[in-house]
Amino acid sequence: PQSNNIPTLPPTKPPYHPEYTPLALSENFLLAKIHGANYNLCLANAVCPDRTRRLRTCWNGLDPQWVKMMEEHGIEGYVCLEEREAVERCVGLGVQRVMKDVLG
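Figured I'd write up the structure that's included with this text.

Parameters and conventions
Residues numbered from 1 in each chain as written. Predicted model: local features only at pLDDT ≥ 70, side-chain atom pairs only at ≥ 80, totals over all residues. Heavy atoms only, no water. Disulfide = S-S within 2.5 Å. Helix = DSSP H or I, 4+ residues; strand = E, 2+ residues; numbered from the N terminus. Buried < 20%, exposed > 50% of the residue type's maximum accessible area, 1.4 Å probe, protein only. Axes fitted to C-alpha atoms, helices over the stretch in contact; angles between N-to-C directions. Parallel < 35°, antiparallel > 145°, perpendicular 65-115°, else oblique. Contact = heavy atoms within 4.5 Å. Nonpolar A, V, L, I, M, F, W, Y, C, P; charged D, E, K, R; others polar.

With that out of the way, let us pick up the state of the cysteines. Enumeration over the complete set of coordinates arrives at 2 disulfides. Each sulfur of the disulfide joining C48 and C90 lies 1.9 Å from the other. Residues C48 and C90 are joined through a disulfide that is left-handed, its torsion about the S-S bond being -105°. Here C48, found in the loop between α1 (25-47) and α2 (49-60), pairs with C90, found in helix α4 (residues 81-103); they are 42 residues apart in sequence, far enough to count as distant. For the pair formed by C48 and C90, the shared burial category is buried. Bridging C58 to C80, the disulfide has an S-S length of 2.0 Å. Residues C58 and C80 share a disulfide whose torsion about the S-S bond is about -95°; that sign makes it left-handed. Pair noted here: C58 is in helix α2 and C80 is in the loop between α3 (64-72) and α4, with a separation of 22 residues, a long-range link. Taking relative accessible area as the criterion, C80 reaches 7% and is therefore assigned buried. Described in terms of the sequence order of its bonded cysteines, the disulfide pattern of the protein is 1-4, 2-3.

Our next topic: the packing of α1 against α4. At a closest axis distance of 10 Å, the pairing of α1 and α4 adopts a crossing angle of 80°. The orientation of α1 relative to α4 falls into the category roughly perpendicular. Here L43, A44 and V47 of α1 come into contact with α4, specifically with V87, C90, V91 and G94. Of the residues belonging to the contact of α1 with α4, the class tally is 6 nonpolar, 1 polar and no charged.

Here it is, written out as structure tokens:
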């Protein structure tokens, strides 16, 4: 095999360093949460499309002010609880199957 003699240098700063983005640290944190939520939603859609559709239907049918009130009272965990738990169980079983296949 031929070697590639082009030197590569590691980046001098991490990719989300403020010099690489105009966002403040708190905004970068929020953006990371959004990306994480999008990843989880994508995974749920791929593994459990019907259950995820029911969860999204529930969520989209809610009044944002009601959700905010639930959050202010510390009971936001009850919002679309049945649909959310159905998706969580389904995704968890999918992960369990993958690990079983990988580990034998």
